[in-house]
Amino acid sequence: MRPVVHALLGPTASGKSALAVKLAERLPLEIVSMDSALVYRGMDIGTAKPGAALLAQVPHHLVDIIDPDQAYSAGRWRQDAIETVQSILERKALPLIVGGTMLYYRALVSGLDELPQADARVRAELDAEAAQRGWPALHAELARVDARSAQRIAPNDQQRIQRALEVWRVTGKPLSALHGAAASDLPFEVRGVALIPERAVLHERIRTRFEAMLKLGLVEEVKALRKKYRLSASMPSMRAVGYRQVWEYLEGRLDRDALKEKGIVATRQLAKRQLTWLRSFPDLARVDSAEAGLALLGHSFL
């Protein structure tokens, strides 16, 4: 019989991390991050990364494992997460997978088939078409050939639109049909809980948190990263919400007020996409507050 491992999901700013820490105060938990931005070293403020004191108090895994000029895939995270969870179980501790990168969760529970490698020719064609027609037009094309992928990809999300259309043109198959098609080979069972606050509460948290990030020095953080690493706006690390808007500000395309408002809007759009993903996972238990999540997960670990 496979051991049961719990996962805590939710949109950005829903309070997942705080809830996980409260659980760790009661139980011998080790947190396995399921966040595609927390993997990057030096990206601390814009990712709301736990501070050094908290990291020392509660073991966190898959945080600060690569530099922001490196790539990290859902497939690699899946492999790393499985190995990490198994190691925690062997130590007789309790793993808790926590995060909001829903592609990682789907990869974990459903598996990932091998996807085609990047095709430079097809990508160049798509870039040329986007320059002429605009990314929303390419998103509309994606909706015709892969409605499921189009539903979860924003009309201006250039990177993901390009990849989904690239897969379609290279294989003749929709990306949504390839993702998760492999049988899961998990050595443990995953039971997920989604923390989903009320919409007004979530929006206010997003605004407050992004304003706090700016005050804490998010702009200065990105300046330092640009100085230390050879980065570009197209890299996955710099396309993360918040970092992408600061990049535009540093390039002179936004003023400070526009940076704040655009960052808040982009974060809310991210939360909306995350909620769409969550609705696609039928087996999740859902709670609307940290208190309810604490009660449910606390009981589940007993």
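Cut-offs used in this document
- Residues numbered from 1 in each chain as written.
- Predicted model: local features only at pLDDT ≥ 70, side-chain atom pairs only at ≥ 80, totals over all residues.
- Heavy atoms only, no water.
- Pairing = 2+ DSSP bridges.
- Helix = DSSP H or I, 4+ residues; strand = E, 2+ residues; numbered from the N terminus.
- Contact = heavy atoms within 4.5 Å.
- Axes fitted to C-alpha atoms, helices over the stretch in contact; angles between N-to-C directions.
- Phe/Tyr/Trp six-rings, centres within 6.5 Å; stacked < 30°, edge-to-face > 60°.
- Buried < 20%, exposed > 50% of the residue type's maximum accessible area, 1.4 Å probe, protein only.
- Parallel < 35°, antiparallel > 145°, perpendicular 65-115°, else oblique.
- Nonpolar A, V, L, I, M, F, W, Y, C, P; charged D, E, K, R; others polar.
- Salt bridge = Lys/Arg side-chain N within 4 Å of Asp/Glu carboxyl O.

Q: So what's going on with the sheet that holds strand β1 (residues 4–9)? Which residues, and what values?
A: Sheet architecture is open: six strands sit in the order β3-β2-β4-β1-β5-β6, paired in parallel fashion. Both outer strands of the open sheet, β3 (60–61) and β6 (285–287), are each paired with one neighbouring strand and no more. Pairing geometry for strand β2 (residues 29–33) and strand β4 (residues 94–99), over five bridges, is parallel. Bridged to V32 within β4 is I97. Against the sheet, helix α14 (residues 290–300) makes contact with β1, β5 (189–195) and β6, and its axis sits at roughly 145° relative to β6, the strand it touches most.

Q: Describe the packing of aromatic side chains, and please don't skip the residues or the numbers.
A: Counted according to the given criterion, the structure contains three aromatic pairs. An angle of 65° between the planes, with centres 5.1 Å apart, marks the rings of Y105 and F281 as edge-to-face. Of this pair, Y105 sits in helix α4 (residues 102–110) while F281 sits in the loop between α13 (256–279) and β6, placing them 176 residues apart in sequence. With relative accessibility at 9%, the residue F281 sits in the buried group.

Q: Explain the packing of α4 against α13 to me, using residue names and the numbers behind them.
A: It is the contact of α4 with α13, at a shortest axis distance of 10 Å, that shows an interaxial angle of 20°. Taken together, the axes of α4 and α13 lie roughly parallel to each other. The residues of α13 that touch α4, namely those facing M102, L103 and R106, are Q274, W277 and L278. Residue composition of the contact of α4 with α13, by class: four nonpolar, one polar and one charged.

Q: So what's going on with the pattern of salt bridges? Which residues, and what values?
A: Across all of its chains, the model carries 20 salt bridges by this definition. A salt bridge links D44 to K49; the shortest N-O distance between them is 3.0 Å. Of the residues examined, D44 reaches a relative accessible area of 35% and is grouped as partly exposed. Through salt bridges with shared partners, one network takes in E129, R133, E141 and R169.

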